[in-house]
Amino acid sequence: MEDLNRLVRQEAGVTGTKAEALHGRVGPELARSIALVLAVRHSQKTYDELGRFFGWVHPTTIANRAKRLERRLRPDERLRMILDRCEKACLS
């Protein structure tokens, strides 16, 4: 799972600050959400296990966060492209 986080940050070109994220770059929070969606899609982990890994208390938080990002993907082509690139890198 740590490898997934590193890979997403690398593939998405993650920058270190929220201010940089506001200027069209992927910030750490979005990278974490992308890693979460990929973990939900492709790991055999339960929401409870993912919750412990990502540092959230309740499994419902994991499910809601993943659903929220999936909804954001529909209208946001740039975000879909980033997620697709990360997903391909993870699966290769």
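Above this text is the structure in question.
Each chain has its residues counted from 1, following the order in which its sequence is written. Only residues with pLDDT of 70 or above have their local features reported here, since the model is predicted, and side-chain atom pairs are shown and tallied only from 80 upward, although totals for entire chains, interfaces and linings are computed over all residues. Note that the side-chain values use all heavy atoms of the structure and ignore hydrogens as well as water.

J.: I would appreciate a short explanation of the overall build of the chain in the present structure.
T.: Strands are runs of DSSP state E lasting at least 2 residues, helices are runs of H or I lasting at least 4, and numbering of each runs from the N terminus. If you tally the helices and strands in the chain, you get six helices and zero strands. Written out in order from the N terminus, the α and β elements of the chain read α-α-α-α-α-α. When the 92 residues of the chain are sorted by exposure, 34% land in the buried category. Exposure was quantified through the Shrake-Rupley algorithm and a 1.4 Å probe, taking into account, for residues, occlusion by the shown protein chains and nothing else. A total accessible area of about 5800 Å² is found for the chain, and carbon and sulfur atoms account for 50% of it. Burial classes follow relative accessibility: with a 1.4 Å probe on protein chains only, a residue under 20% of its type's maximum area counts as buried, one over 50% as exposed, and anything between as partly exposed.

J.: Would you explain the packing of aromatic side chains in this entry?
T.: Given two aromatic rings, one states the distance between the centres and the angle between the planes to describe the pair. Between the rings of Phe, Tyr and Trp (Trp by its six-membered ring), a pair exists once the centres lie within 6.5 Å; its type follows the angle of the planes, with under 30 degrees stacked, over 60 edge-to-face, and the other angles tilted. Enumeration over the complete set of coordinates arrives at one aromatic pair. Judged by centre distance (5.0 Å) and plane angle (90°), the ring pair of phenylalanine 53 and phenylalanine 54 falls under edge-to-face. For phenylalanine 54, a relative accessible area of 3% corresponds to the buried category.

J.: Explanation requested: helix H3 (residues 28–42) in the structure shown.
T.: An α-helical segment advances 3.6 residues per turn. Residues three or four places apart therefore align on the same side. The terminal C-alpha atoms of H3 lie 21 Å apart, and with 15 residues this matches the ideal 21 Å at 1.5 Å per residue to within 8%. The set of residues buried in H3 consists of Leu30, Ala31, Ser33, Ile34, Ala35, Leu36, Val37, Leu38 and Ala39. Helix span, as expected, comes to 1.5 Å for every residue beyond the first.

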